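Each chain is listed here by its residues.
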Amino acid sequence: MKLDKSRQNISSMFDDIAVRYDFLNHFFTANLDKRWRRKIVKYITENNIRSEVIVDLASGTGDMAIELLDLNPIKVYALDISPKMLDVLRKKNKDERMVIEVAESEHMPLENQSADIVTIAFGIRNFESTENSLKEIYRILRPDGMLIVLEMFNLEKRNRLFEFYFTRIMPVLGKVISRSSTAYSYLHNSVMNFKTVKQFIELSAKHGFVHEYHKNNFQKFVYSVYLRKL
Ligand SMILES: C[S@@+](CC[C@H](N)C(=O)[O-])C[C@H]1O[C@@H](n2cnc3c(N)ncnc32)[C@H](O)[C@@H]1O
């Protein structure tokens, strides 16, 4: 199935589900998503990774961006193409170090080499062009800076339980709760059309990122990938 990942389509799809997004996210992952984001913060702390300026790209309702404030950064930029997802974040956030802006992955409002870390949680799979976005992330990261991606990657091998959950359970429940007829069928297609974790690491290497570590968070399809800008 051909996916429409145009900025207009993706932002209006997330605008439509914005107010119910947090509930659905926690519901479908049985709250594990919170743990996966916290582990990223733990990794940054334990490895003494510089974290003065952090960009949380595809920040949405900002759960990752809020966790990142625990690192005592000077600024966390929460960037996303969906104004309504960011409105939910504006209601949740009271911290003045957070800069919340509508911006897309291929054109970010940051100077060259100005960010220490870029995080993307469940966002990169939706980008219209992974490669152009990687180029833009490379531009804004300082040398040795880090790109951290939390994502549902395509499976290396077929998994019946996964297929059943994503094609039968999730679209039905997602439709009822989110009241969007497309968002949760899109989710399954976007995973099936995305790269495996291995392919993603290879692609990142072509754009100047060295693989440092990756963690299988769940069933060899939800991974956190840690990459360094050369
Ligand atoms: C599944 S949500 C993830 C939100 C949040 N990061 C989280 O962990 O829950 C994906 C987000 O990616 C955003 N997005 C998709 N394509 C984008 C792009 N090219 N640039 C910036 N944001 C994008 C969507 O608007 C949406 O808010």
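Residues numbered from 1 in each chain as written. Predicted model: local features only at pLDDT ≥ 70, side-chain atom pairs only at ≥ 80, totals over all residues.

Can you walk me through the nonpolar core in this structure?
Most often, soluble globular proteins keep nonpolar side chains buried together rather than apart. Within the largest apolar cluster, 54 residues are counted, with the highest numbers of intra-cluster contacts made by Val55, Ala78, Ala115, Val118 and Leu147. At 7 residues, the largest contribution of residues to this core is made by strand S5 (residues 141–152). Contact partners of valine 118, with chain neighbours within four places excluded, come to Val55, Leu57, Ile137, Leu141 and Leu147. (Core = buried A, V, L, I, M, F, W, Y, C linked by C-beta atoms within 7 Å. Buried ≥ 20, exposed ≤ 12 C-beta atoms within 10 Å, placed from the backbone. Helix = DSSP H or I, 4+ residues; strand = E, 2+ residues; numbered from the N terminus. Contact = placed C-beta atoms within 7 Å.)

Any chance you could explain the site of the ligand here in plain terms?
Not every one of the 22 residues close to the ligand is listed here, only the nearest: Ala58, Gly60, Ser82, Ser105 and Ala121. The set of elements that each furnish at least two residues to the shell around the ligand consists of helix H1 (7–28) and helix H3 (63–68). Looking at the shell around the ligand element by element, the count peaks at 4 residues for H1. Taken together, the residues of the shell around the ligand break down into 10 nonpolar, 8 polar and 4 charged. (Near = placed C-beta within 6 Å. Nonpolar A, V, L, I, M, F, W, Y, C, P; charged D, E, K, R; others polar.)

Help me understand helix H7 (residues 183–192), please; the structure alone is not making it clear to me.
For H7, the set of buried residues is Tyr184, Tyr186, Leu187 and His188. Where H7 is buried, its residues touch H1 and helix H6 (160–178).

Looking at this structure, how should I read the pairing of strand S3 (residues 98–102)?
The side chains of a regular strand alternate between the sheet's two faces. Pairing between strand S2 (residues 75–80) and S3: 5 bridges, direction parallel. Bridge pairing in S3 places alanine 78 opposite isoleucine 100. After leaving S2, the chain enters helix H4 (residues 83–92) and then returns to the sheet as S3, a path that is right-handed. (Pairing = 2+ DSSP bridges. Right-handed = clockwise from strand over helix to strand, strands pointing away.)

Before we go on, may I ask you to explain the sheet that holds strand S7 (residues 222–229) in this structure?
Whether parallel or antiparallel, the strands of a sheet pair through hydrogen bonds between backbone atoms. Read from one edge of the open sheet, 7 strands run S3-S2-S1-S4-S5-S7-S6, paired in mixed fashion. Edge strands, defined here as strands with exactly one partner in the open sheet, are S3 and strand S6 (209–218). Taking the axes of each pair of neighbouring strands and ignoring which way they run, one obtains an average angle of 15° across the sheet. Pairing geometry for strand S1 (residues 53–57) and S2, over 5 bridges, is parallel. Bridge pairing links leucine 57 to leucine 79 in S2. In the packing of H4 onto the sheet, the strands contacted are S2 and S3, and the crossing angle to S3 comes to about 160°. (Axes fitted to C-alpha atoms, helices over the stretch in contact; angles between N-to-C directions.)

Which parts of the structure should I look at to understand helix H5 (residues 130–140)?
Side chains three or four residues apart in an α-helix point the same way, a direct result of the helix having 3.6 residues per turn. Inspection of H5 places Ser133, Leu134, Glu136, Ile137 and Ile140 among the buried residues, and these make up the whole buried set. Relative to the axis of H5, the buried residues are bounded by an arc of 165° and lie together on one face. Of the surrounding secondary structure, the elements contacted by the buried residues of H5 are S1, strand S4 (115–121), S5 and helix H8 (197–206). (Arc of directions from axis to C-beta.)

Looking at this structure, how should I read the packing of H6 against H7?
Helix-helix packing is described using two parameters, namely the angle between the two axes and the distance between the axes. Following both chains from N to C, one finds H6 and H7 inclined at 145°, their axes separated by 7 Å at the closest point. Residue-level inspection shows Phe166, Thr167, Met170, Pro171, Gly174, Lys175 and Ser178 of H6 in contact with H7, the latter providing Ala183, Tyr184, Ser185, Leu187 and His188. Looking at the contact of H6 with H7 residue by residue, the classes come out as 6 nonpolar, 5 polar and 1 charged.

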